[in-house]
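Residues per chain, in single letters:
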Amino acid sequence: LGHRTPRDVRITTHVGLVARAFGARKIYIPGGGKNIKKSIERVVERFGGAFEVDTEMKARAVIRKHKGVCLHLTMYGEKLHSSLDEITERSEGKDKLVIVGAEKVPRYIYDLADLNISVGNQPHSEIAALAIFMDRLTNGGWVELDFPGGMKVVPHRDRKIVVKKTL
Ligand code: SAM
């Protein structure tokens, strides 16, 4: 939310890469433009999986259209680390729309969100907030995700091993 070109291009691209790697199916970047969409899609093409990038839809429309639960990450929200059970309970089995900001987030987002959630109460970053939130919400399970059709990295202590295009 509130992506500014060119200032936020690198950060927002990384928000997209974190979303994909940690198990999201789609990212909306209102006002993101073609270049940011292309750079995330290039990673999807090389590393697989089915991750979509929408840079056209306006924030209000995304939220209005969303049928599941809307989770806004903000340093002012209720604590992720002490209310994880409740957050999990309220969002389990529902499509989750997670909102992070680039610039100052407008008041209406706090009101439209089902939950405003803080990842600690110090200001840090949308990339860090999203990664920690998704890690907690999946209980670390994102690490085992499979990305069909892409290059597969074979973890190795001192060599770079990549297996091309898996099905
Ligand atoms: N100054 C902006 C504001 O007042 O909304 C926040 C900018 S911050 C660099 C960018 C985004 O990172 C926020 O919109 C929020 O989504 C996320 N963020 C930063 N710190 C956070 C925290 N402690 N907990 C949860 N999200 C956080």
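Residues numbered from 1 in each chain as written. Predicted model: local features only at pLDDT ≥ 70, side-chain atom pairs only at ≥ 80, totals over all residues. Heavy atoms only, no water.

Draft legend 1. Structural detail: the pairing of strand 5 (residues 115-118). The alternating pattern of strand 5 places Leu-115 and Ile-117 on one face and Asn-116 and Ser-118 on the opposite face, and all of these are buried. One ladder, built from 5 bridges, connects strand 3 (residues 69-79) with strand 5; its direction is parallel. Within strand 5, the residue paired with Lys-79 across the bridge is Ser-118. (Buried < 20%, exposed > 50% of the residue type's maximum accessible area, 1.4 Å probe, protein only. Helix = DSSP H or I, 4+ residues; strand = E, 2+ residues; numbered from the N terminus. Pairing = 2+ DSSP bridges.)

Draft legend 2. Molecular detail of the site of the ligand. Around the ligand, a shell composed of 18 residues is seen, among which Leu-73, Val-119, Gly-120, Gln-122 and His-124 lie nearest. A distance of 3.4 Å separates a nitrogen atom of the ligand from a polar atom in the backbone of Thr-74. In the model, a nitrogen atom of the ligand is placed 2.9 Å from a nitrogen or oxygen of the Val-119 main chain. Listed by contribution, the elements that provide at least two residues to the shell around the ligand are strand 3, strand 5 and helix 6 (126-137). With 3 residues, strand 3 is the largest single contributor of residues to the shell around the ligand. Split into classes, the residues belonging to the shell around the ligand amount to 9 nonpolar, 7 polar and 2 charged. (Near = heavy atom within 4 Å. Polar contact = N/O pair within 3.5 Å; in protein donor to acceptor, adjacent residues only side chain to side chain. Nonpolar A, V, L, I, M, F, W, Y, C, P; charged D, E, K, R; others polar.)

Draft legend 3. Focus on the nonpolar core. Of all hydrophobic cores here, the largest spans 26 residues; its most connected members are Phe-51, Ile-117, Leu-130 and Phe-133. Elements supplying a minimum of two residues to this core: helix 1 (9-21), helix 2 (34-47), strand 3, helix 4 (80-91), strand 5 and helix 6. Not counting chain neighbours up to four residues away, the residues in contact with Leu-130 comprise Val-15, Val-18, Ala-19, Leu-73, Val-98 and Val-100. (Core = buried A, V, L, I, M, F, W, Y, C linked by side-chain atoms within 4.5 Å. Contact = heavy atoms within 4.5 Å.)

Draft legend 4. Looking closely at the side chain of Thr-13. Among the structural elements, Thr-13 can be located in helix 1. Owing to a relative accessible area of 11%, Thr-13 belongs among the buried residues under this scheme. When near neighbours in sequence (up to four residues on either side) are disregarded, Thr-13 contacts Ile-36, Ser-39 and Ile-40.

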